[in-house]
Amino acid sequence: MNKEQWDAISQNNKHYDGLFYYALTTTRTVCRPSCTSRTPNPKHVLIFNDVESAIKEGYRPCTRCKSNQMDWRGYKEEIAKDTMHYIQEHYKEKITLTLLGEALQKNPYYIQRSFKAIQGLSPLHYLHRLRIDEAKHLLRHEELSITEIALEVGYNDSTHFSVKFKEYTGVSPTTYKNSFLIK
């Protein structure tokens, strides 16, 4: 292992992914240079030009960086994608970080950090955006009351819904709905 390779490993540099892989003699795993696992002890690192060579030597692909899947975008990206999908499927229900953790079988705080790192907003902020977007659609196209729409998109009461709606759109739900009525 040369200094450039060690720098790539210790800095989790994605630019070196595919150029080389490193295997750990202690865990018998092979990783990409960008793997976000703990920085290894250099004396336990072996360098390989490709994953197949490491596998032939008895190493297994890392479950975190999935070194054998070149199209895999990263652990945090996967968690963010799974979180978005779960929220999109269940936005009408009560969703908490703890519930997300249980549903995705991941640490809720890691979900929060990963989602925010990839999406630029928290899962809760994303949930509110999704609910407000659906509420805007219902306000334009349905003859439901504000309370019925609030309940339909996952809020427990119209007051909380109205506060969040105004926070995200700048107008109240009633003002928004009235702007689409034929005059």
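Residues numbered from 1 in each chain as written. Predicted model: local features only at pLDDT ≥ 70, side-chain atom pairs only at ≥ 80, totals over all residues. Heavy atoms only, no water.

1. Examining helix α8 (residues 158-169)
At 3.6 residues per turn, the α-helix brings residues three or four places apart onto the same side. Heads up, the rule is: Numbering of helices and strands runs from the N terminus; a helix is a DSSP stretch of H or I covering at least four residues, while a strand is a stretch of E covering at least two. For a helix, the expected span equals 1.5 Å multiplied by the residue count minus one. Burial classes: relative accessible area under 20% of the type maximum marks a residue as buried, over 50% as exposed, and values in between as partly exposed (1.4 Å probe, protein chains only). Summarising the geometry, the arc corresponds to the directions from the helix axis toward the C-beta atoms. In this description, contact between two residues means that some pair of their heavy atoms is separated by no more than 4.5 Å. Think of a polar contact as two N or O atoms within 3.5 Å of one another; within protein, one of them needs to be a possible hydrogen donor and the other a possible acceptor, and neighboring residues in sequence only count if both atoms come from side chains.
In this model, α8 (12 residues) spans 16 Å end to end at C-alpha, consistent with the 16 Å of a helix rising 1.5 Å per residue. Of all the residues in α8, the buried ones are Phe-161, Lys-164 and Phe-165. Angularly, the buried residues of α8 cover 105° about the axis, an arc narrow enough to put them on a single face. Among the structural elements, α6 (123-141), α7 (146-152) and α9 (173-178) are those in contact with the buried residues of α8. The opening residue of α8 is Asp-157, an N-cap whose side-chain oxygen sits 3.0 Å from the backbone nitrogen of Thr-159. At the exit of α8 stands Gly-170, carrying a positive phi of roughly 90°.

2. With respect to the packing of aromatic side chains
This is how the line gets drawn: Aromatic pairing here means that ring centres of Phe, Tyr or Trp (its six-membered ring) are within 6.5 Å. Orientation follows from the plane angle: under 30 degrees is stacked, over 60 is edge-to-face, and everything else is tilted. Sitting over a ring, as applied to charges here, requires NZ of Lys or CZ of Arg to be within 6 Å of the ring centre and within 35 degrees of the ring normal.
Under the defined criterion, the tally for this structure stands at six aromatic pairs. Here Tyr-16 and Phe-20 contribute two aromatic rings whose centre-to-centre distance is 6.1 Å and whose plane-to-plane angle is 65°, an arrangement assigned as edge-to-face. Phe-20 carries the same exposure label as Tyr-16, and that label is buried. Measuring from ring centre to ring centre gives 5.6 Å for Phe-161 and Phe-165, while their planes differ by 55°; the resulting arrangement is tilted. Separated by four residues within a single helix, Phe-161 and Phe-165 lie in helix α8, roughly one turn from each other. Under the relative-accessibility criterion, Phe-165 is labelled buried at 0%. One aromatic cluster is present, formed by Tyr-155, Phe-161, Phe-165 and Tyr-176 through successive ring pairs. The ring centre of Tyr-59 lies 4.0 Å from the NZ or CZ of Arg-28, which sits over that ring.

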